[in-house]
Amino acid sequence: MTDFEFSASQDFAIAMDERDPLRNYRERFLFPKAADGGDCVYLCGHSLGLQPATTALYIEQELKDWAQLGVEGHFRATNPWMPYHRLLTEQTAALVGAKPIEVVVMNSLTVNLHLMMVSFYRPTASKHKIVVERGAFPSDQYAVKSQIRFHGFDPASSLIELAPLPGEGCLRDEQISSLIEGSGDEIALIMLGGVNYATGQAFDMEGIALAGRARGCVVGFDLAHAAGNLQLRLHDWGPDFAVWCSYKYLNGGPGCVAGCFVHERHARSLEIPRFAGWWGHDEHSRFEVGQNFRPISGAEGWQLSNPSIISLAALRASMNIFQEAGIERLRAKSVTLTSYLEFLLNQKMPSSFSIITPQERGRRGAQLSIRIPTNGRVLCERLANGGIVGDWREPDTFRVAPVPLYNSYDDVFRFAQRFVSAIG
Ligand SMILES: *Cc1c(COP(=O)(O)O)cnc(C)c1O
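Here we take up the overall build of the protein. Within the protein, the secondary structure is distributed over 14 helices and 15 strands. For 424 residues, the compact-globule formula gives about 22 Å, and the C-alpha radius of gyration of the protein, at 22 Å, lands near that figure. When the backbone C-alpha atoms are referred to their principal axes, the protein occupies close to 70 × 60 × 35 Å. Looking at the protein as a whole, 55% of its 424 residues are labelled buried. Considering only residue pairs separated by 6 or more positions, the protein has 70% of its internal contacts joining residues 24 or more positions apart. Roughly 18000 Å² of accessible area belongs to the protein as shown, and the carbon and sulfur atoms make up 52% of that amount.

So, in structure tokens, the structure goes:
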């Protein structure tokens, strides 16, 4: 659907919802209430996804088995805990376009990022640099800088931060490709977001992985804002690794167990150094004492500890919904839903705000980042008090994401109406 076919009326939004094949998924999520008890417009799935109505059932099952079986639950629970994480493997692989051997759910995002860098950031005297986005998410910055120092290098000379050209809000694809082309000899690791958390820009992951690998650079992606948002094809695109959290678009709940991808070409390598733990060890001899570490083939071989079953249970509730809805259909709706939001904002676009997210649909996910140069924070607090939930980032950015699983065209309409009237 193109902008020409959109209409800035609530009737149109409601008609769009009636035609939406995914409209019923909304009822499977629990929406928080506004302060006055009314409905809220929740456009904050990029920060914390909503709770599926079935999450409590999945968790209760594990609580019940624990109560009735104690330690025996590891093998005799309805879903035995020993291999429990594998219940998520197929769905996770399908979601990110990977083979089952390439994915695992474990730890949390930043932990996984460090584990991946321990294995794949192997700087040498001449090839030691890491490429990140300028203004990358704080945790990613701390992680890459501490890894650089850990190897005896200095972020001042080993970190390359890609910044938009003066006067531009987002990076150009050719800035990334020319950096890789020009400095590939010195770059050990290209570590970019799939979708930049601040601007909502989606990167050309396929092009980056191809260019990086051609220059002998390791390529890793932080998919915190891409998993469950974009249609990914990690195996075909060929990055060495990727990590993501499960509480944003994936609705696994606060602090939920995270995801990790290791490309199949590394699946059986015994040369790659890694920080090891018993859960990554060959499961047949996991409990034996005095063994040398023998990793499970594939991403599972990077596991450290036995995971939180309660958290995995919560993630299963959501991943089962994703599987049913299908990321392809979700992405198709997302493209139209976000374009509709953009269309409505552009109707009224006064000089008091601007959208910094790229206009091209292929260069963004669900999120639009709205720059409000003056009094933005006060405005967003006022909207929040009225039940409009987005996310304010200092100094000047309001981030909103209509999520195709549970947001409606009418949500988008009501948001745009309130936002535009509040900004005056
Ligand atoms: C949300 C987010 C994180 C959060 O890291 P945790 O380890 O899950 O706390 C890290 N990086 C990016 C890019 C994010 O968007």
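Let us now look at a nonpolar patch on the surface. On the surface, Leu63, Trp66 and Ile310 cluster together into a nonpolar patch covering about 300 Å² of accessible area. Among the secondary structure elements, Ile310 is positioned in helix α11 (residues 309–325).

Another aspect to go through is the pattern of salt bridges. On inspection of all chains with the given rule, the structure shows 24 salt bridges. Here Asp39 makes a salt bridge to Lys33, at a shortest N to O gap of 2.9 Å. As far as burial versus exposure is concerned, Asp39 and Lys33 are alike and both exposed. Of the charged contacts in the structure, one is a salt bridge between Arg414 and Asp411, with a shortest N-O distance of 3.1 Å. Linking Arg414 with Asp411, this pair stays in helix α14 (residues 409–423), spanning three residues, or about one helical turn. Linked by salt bridges that have partners in common, Arg26, Asp410, Asp411 and Arg414 make up one network.

Within the open sheet, the four strands sit side by side as β11-β12-β15-β14. Their pairing is antiparallel. With one partner strand each, in any of the chains shown, β11 (354–355) and β14 (391–393) form the two edges of the open sheet. Here strand β12 (residues 368–371) pairs with strand β15 (residues 397–400) via four bridges, running antiparallel. Across the sheet, the residue bridging to Leu368 is Val400, located in β15.

Before going further, it helps to examine the sheet that holds strand β4 (residues 103–106). The sheet built from seven strands is open, its strands ordered β4-β10-β9-β8-β7-β5-β6 with mixed pairing. Edge positions in the sheet fall to β4 and β6 (159–162), since each of these pairs with one other strand and no more. Taken pair by pair, the neighbouring strands of this sheet meet at an average axis angle of 20°, ignoring direction. Bridge analysis of strand β5 (residues 129–133) against β6 gives four bridges, and the strand direction is parallel.

Our next topic: the nonpolar core. Formed by 66 residues in total, the largest nonpolar core has its most connected members in Ile190, Ile208, Leu223, Leu232, Leu234, Trp244 and Leu405. Contact partners of Ile208, with chain neighbours within four places excluded, come to Ile176, Ile180, Ile190, Leu192, Phe203, Val219 and Phe221. Of all hydrophobic cores here, the second largest spans 32 residues; its members include Ala13, Val41, Leu337 and Ile355.

Inspection of the region around the ligand gives Leu109, Thr110, Phe137, Asp140, Asp222, Ala224, His225, Tyr247 and Lys248 as its neighbouring residues. Between Thr110 and the ligand, the recorded distance is 2.5 Å, taken from a side-chain N or O atom to an oxygen atom. Between an oxygen atom of the ligand and a side-chain N or O atom of Tyr247, the distance comes to 2.6 Å. Protein contact buries 83% of the 400 Å² of open area that the ligand shows by itself.

The rules behind these values
- In this numbering scheme, every chain counts its residues from 1 along its sequence in written order.
- Confidence filtering applies because this is a predicted model: local features only for residues at pLDDT of at least 70, side-chain atom pairs given and counted only at 80 or more, and all residues used for totals across whole chains, interfaces and linings.
- Think of the side-chain values as coming from all heavy atoms in the structure, minus any hydrogens and water.
- Each helix corresponds to a stretch of at least 4 residues labelled H or I by DSSP, and each strand to a stretch of at least 2 residues labelled E; elements are numbered beginning at the N terminus.
- In this setup the radius of gyration rests on C-alpha atoms only. A globule is expected at 2.2 Å times the number of residues raised to 0.38.
- Think of it in three bands: residues with accessible area under 20% of the maximum for their type are buried, residues over 50% are exposed, and the middle band is partly exposed, with areas taken using a 1.4 Å probe on protein chains only.
- Whether two residues are in contact is decided by their heavy atoms: any pair within 4.5 Å suffices.
- Per-residue accessibility takes into account occlusion by the displayed protein chains alone, with areas from the Shrake-Rupley method and a 1.4 Å probe.
- Note that patches include only residues with greater than 30% relative accessible area and no salt bridge, and the join distances are 9 Å for like charges and 5 Å for nonpolar side chains (Val, Leu, Ile, Met, Phe, Trp, Tyr).
- In the sections that follow, a salt bridge refers to a side-chain nitrogen of Lys or Arg positioned within 4 Å of a carboxyl oxygen of Asp or Glu.
- DSSP bridges decide pairing: two strands pair if at least two such bridges lie between them.
- In this analysis an axis means a line fitted to C-alpha atoms, helices contributing only their contacting stretch, and an angle means the value between N-to-C directions, from 0 to 180 degrees.
- Nonpolar cores were defined as sets of buried Ala, Val, Leu, Ile, Met, Phe, Trp, Tyr and Cys residues, with membership established by side-chain atoms within 4.5 Å.
- The criterion for a residue being near a molecule or strand is simple. One of its heavy atoms has to lie within 4 Å of it.
- Pairs of N or O atoms are called polar contacts if they sit within 3.5 Å, as long as, within protein, a hydrogen donor faces a hydrogen acceptor (for residues adjacent in sequence, only side-chain-to-side-chain pairs).

Purely geometric stuff here, so don't read any function into it on its own.
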